[in-house]
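Observations on chain architecture
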Amino acid sequence: MLEMFSLLEPIAQPLPLQLPQESLEFRASKISFHKSKPTRRRDFPQPISTSPAHFSPLDDLVNSSTYASALESCKCPRLGKQVHAQALKNGFHGHEFVETKLLQMYGKCGCFNDAVFLFDKMRARNLYSWTALLNVYLSDGLFEEAFDCFQQVRFEDFDLEFFLFPVVVKICCGYGGIELGKQLHGTVIKYGFASNIYVGNALIDMYGKCGSLEDAKMFLSNMSERDCVSWNSVISAFAANGNLIEALEVLEKMSVEDHLAPNFISWSALVGGFSQNGYDEEAIEMLYKMRAVGFQPNAQTLASVLPACGRLQMLYLGKEIHGYLTRHQLMSNSFVVNGLIDVYRRCGDMGNAFRVFSMFSTKNDVSYNTMLVGYFENGEISKAQELFYQMQREGKWKDIVSWNSMISGYVNNFMFDEALNTFNKVMWNEEIEADTFTLGSALAACADMGFLRRGKEIHSCAIVRGLQTDAFVGGALVEMYSKCLDVNAAQKAFDEVNERDIPTWNALVSSYARSDEMVSVECILEKMKADGFDPNIYTWNSIIAGHVENARNESALQLFLDMQSSGLRPDIYTIGTVLPACSRLATLDRGKQIHAYAVRCGYDSDTHIGSALVDMYAKCGCVKHARLAYDNIKKYNLVTENAMLTAYAMHGYGEEGIDFFRRMLENGFIPNDITFLSALSSCVHAGLLETGLEFFDLMGSYNAKPTLKHYTCIVDLLSRTGKLNEALKVIKEMPLDPDTVIWGALLGGCIIHGNLEVGEIAANKLIELEPGNTGNHVMLANLYASVGRWGDLTKTRQLINERKMHKSPGCSWIEDKSEIHVFVACDTSHQRTDEIYEILDILTTQIKVEH
């Protein structure tokens, strides 16, 4: 049977201590509070005895005031229990005042069971003891039980006093909300305590924490007496709820209307409010103002501003706060310690992060997980693994957040196999329960690897747990099916999500864009708007990325312009998406424009953007600009190194490429197959055979498996230096089937050095693989010409003519005012052909005159 309570009906007369069950039902008013778990209600036992207590003659030596003083200052439960035992020994059992102080002490020390046991055994209870019990329940987060306790207080045979209500209104934060708060406000008015400043301040605080800011502001304006606490309660309410302009206005009115200067609490509330709502620069500015007016921040204030330092990557300020905390002996506070670790890891200073973690941290779950995330973010995988093993040794392995940190860390570092292996360990461990983040991270690994079957298995796990309807998991499923090019499955996963948010819609848009279904993208955007979501920067990024992936590079660049015209500001991901489009089109002017935008936004020093800029300039033929973009990168990784090394190799800067590769090894980078390919290409351009063979042999030391392209470089090197038999031997003995490129490299060397025997072998293989390629016959003709075999040369040319084979003409293009003009030999398709050939005739005439 559900019990219903209403606080709008005042109790007219004292009720008996023991009530029949039906008497606990009050008449319902505007709102009733239904107890969903009646079994949680605690039946408060009656006092054991109402007879007067007998006290020891020691009362004259150690009186109740002595015990009260000791208990009020006691913060250690062990010492508190010793005082309790001493009180019992001295005959204070049943002493109402002393036992109330004991009750308050147990509540303050977090000894919930001891406090409840003492209350149940008390011979006499007064309003103070009931209030102390209320505080015990609230301290333990038992808001519903605290509400039951207050109901029982109203049944007791004593008058309610004002000091009860500042405690009671705290219940609303965890149970009942603003509806209960307004009923309690009415009860306060009926008991005549609304004008009491302490009760009034508590009501303001309640309205603020329940999000009813206008009620808080209105109550403040109607108060007959106000103090700093009154104003600070409203300031804190507005700041905590993100209404920071209003919080500043209240701060100003505080001085104007009541001539009260903002105090420490006022400034701390503003600092915390700005930081919690993402106004990082403003939060730091408030901290400086706070110190300027003479208030020194405490641990709580600094803990609230440290996340702002981390997000802004203000390492110098983080170090200043670290020094302040050390000088003022505040490093025992776990919140500031974890905040410092977070600042250092966000700034990439894992050395200092580890020192703080090792020396001061209480090593709770938060500090461990912050270190794990930091190691993964900074690419220190082995240290993250070592720390995780340490957590397991110390019995902290049951925290799902730590496992999630490992899985997502592996995913972010492209270690997808390790991510899925860790996910499997979670799923097989009965003591750890995977959550939405676990499944989402594992699905991200499947998406990036294209593991559709494994993704479907995880989808099944989500269905079993009923998590496929969650927005985060649903979005990850849509993304996984999207990257595996299963648009229908992506749509079905999207349809299963109950409460769709903008990321879920964006995942679906990305799915259709990636599949090049742009008509469907338009339809999805219309449905998205009808659902109340406007396309944001991530929506545009998804569509632009879809165009780039499907080689619609011109359309991608046009969308980039359209996005800016719509009022949205491109972010770092937009820049990273459109730069490859510039690279593929070799459109230098537009690439420079995007580079300039990146500079203005401070993105050019980012590792990913810097690598894309190096690649763009290299593919546009500007090695000098590629090097300048490389030098501006703040933090280098293997991707940035490969980009610059490839730029040197692409444009024939052999010596520079070799020197760059050697510096990479000296700086501790672990080269991969891409690195070695660029290094070998540099050796080809420099004509350094010994160095090329050295680099090729070095591949085994770094577990880099040679591909056909690596063997082609070696064959090219041997061929160019005249070692043609050795080159042919490499082709015959390599574990891969040779292609036309590698035979072409060998044939090119034979033409240079006039080796007819090996050259004919290479030419015949080329013609066998590509019989219709005119270039192969031309190279064979050049081979005959190089050794003076004019008869064979004539036969080859006759064969080319008989088969009417034509060599494909070369193509050139220029960019003028964002327009690309393409030219091939004897082309007359351009709309300004007459002008072009007129200028060409003039130039030809001038050249003849010069010669």
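Residues numbered from 1 in each chain as written. Predicted model: local features only at pLDDT ≥ 70, side-chain atom pairs only at ≥ 80, totals over all residues. Heavy atoms only, no water.

Description of the confidence of the model for the protein chain
- Mean pLDDT over the protein chain stands at 82; residues scoring 70 or higher make up 83%.
- Every residue in residues 1-41 scores below 50 in pLDDT, and together they form 86 contacts with partners more than four places removed in sequence or on other chains. (pLDDT = per-residue confidence, 0-100. Contact = heavy atoms within 4.5 Å.)

Re the pattern of salt bridges
- On inspection of all chains with the given rule, the structure shows 19 salt bridges.
- Of the charged contacts in the structure, one is a salt bridge between D215 and K182, with a shortest N-O distance of 3.8 Å. Of the two residues, D215 sits in helix 10 (residues 213-222) while K182 sits in helix 8 (residues 177-191), which places them 33 residues apart along the sequence.
- Assessed through its relative accessible area of 22%, D215 is described here as partly exposed.
- With a closest N to O distance of 3.0 Å, R346 and D342 form a salt bridge. With a gap of 4 residues between them, R346 and D342 both fall in helix 17 (residues 334-346), about one helical turn apart.
- Since its relative accessible area comes to 31%, R346 is described here as partly exposed. (Salt bridge = Lys/Arg side-chain N within 4 Å of Asp/Glu carboxyl O. Helix = DSSP H or I, 4+ residues; strand = E, 2+ residues; numbered from the N terminus. Buried < 20%, exposed > 50% of the residue type's maximum accessible area, 1.4 Å probe, protein only.)

A closer look at the packing of aromatic side chains
- Here the structure, examined in full by the defined rule, presents 18 aromatic pairs.
- Ring geometry for F676 versus Y702: centroids 6.2 Å apart, planes at 50 degrees, classification tilted. Of this pair, F676 sits in helix 37 (residues 673-686) while Y702 sits in the loop between helix 38 (689-698) and helix 39 (708-720), and the two are 26 residues apart along the sequence.
- You can call F676 buried: its relative accessible area is 0%.
- Grouped by ring-pair contacts, the aromatic residues Y630, Y636, Y648, Y653 and F660 constitute a single cluster. (Phe/Tyr/Trp six-rings, centres within 6.5 Å; stacked < 30°, edge-to-face > 60°.)

Description of a nonpolar patch on the surface
- A cluster of nonpolar residues, I839, I842 and L843, forms a patch on the protein surface that exposes about 260 Å² of accessible area.
- Examined against the element boundaries, I839 turns out to sit in helix 45 (residues 833-850). (Patch = residues over 30% accessible without salt bridge, like charges linked within 9 Å, V, L, I, M, F, W, Y side chains within 5 Å. Areas by Shrake-Rupley, 256 points an atom, 1.4 Å probe, with all protein chains shown as cover.)

So, the packing of helix 40 (residues 724-733) against helix 41 (residues 740-753)
- Orientation of helix 40 relative to helix 41, taken along the N-to-C sense of each, is 170 degrees, at an axis distance of 10 Å. What the angle tells us is that helix 40 and helix 41 run roughly antiparallel. Listed contacts from helix 41 to L724, A727, L728 and I731 of helix 40 are I742, W743, L746, G749, C750 and H753.
- Counted by class, the contact of helix 40 with helix 41 contains 8 nonpolar, 2 polar and no charged residues. (Axes fitted to C-alpha atoms, helices over the stretch in contact; angles between N-to-C directions. Parallel < 35°, antiparallel > 145°, perpendicular 65-115°, else oblique. Nonpolar A, V, L, I, M, F, W, Y, C, P; charged D, E, K, R; others polar.)

Things to note about the UniProt feature "repeat: PPR" (unreviewed entry) in the protein chain
- Mapped onto the present numbering, the UniProt feature "repeat: PPR" (unreviewed entry) falls on residues 126-160, 227-261, 263-297, 364-398, 399-434, 501-535, 536-570 and 637-671.
- Along residues 501-535 one finds 74% helix and 0% strand; the C-alpha atoms at either end are 12 Å apart.
- Taken end to end, residues 637-671 is 74% helix and 0% strand, and its first and last C-alpha atoms sit 11 Å apart. (UniProt positions renumbered as here; feature names shortened; annotations may be inferred.)

A look at the nonpolar core
- Ranked by size, the top nonpolar core spans 227 residues in total, and within it L134, I171, I575 and L746 carry the most contacts.
- In this structure, L134 is in contact with A146, C149, F150, L164, V167, V168 and I171, ignoring residues within four places of it in sequence. (Core = buried A, V, L, I, M, F, W, Y, C linked by side-chain atoms within 4.5 Å.)

Examining the environment of A513
- Following the sequence through the fold, A513 ends up in helix 27 (residues 502-514).
- Its relative accessible area of 0% is what places A513 among the buried residues.
- Each C-alpha atom, one on A513 and one on S482, is 9.2 Å from the other, the two residues being 31 residues apart in sequence.
- In this view, A513 contacts M518, V521, S542, I543, G546 and N550; residues no more than four positions away in its chain are not counted.

Here's the deal with unusual backbone geometry
- Positioned with a positive phi, Q313 is a non-glycine residue whose angle comes to about 55 degrees.
- On the secondary structure map, Q313 appears in the loop between helix 15 (299-312) and helix 16 (315-327).
- Note on Q313: relative accessible area 52%, which makes it exposed.
- With a phi close to 60 degrees, F414 is a non-glycine residue in the positive phi region.
- Of note, F414 is situated in the loop between helix 21 (400-412) and helix 22 (416-428).
- Assessed through its relative accessible area of 66%, F414 is described here as exposed.

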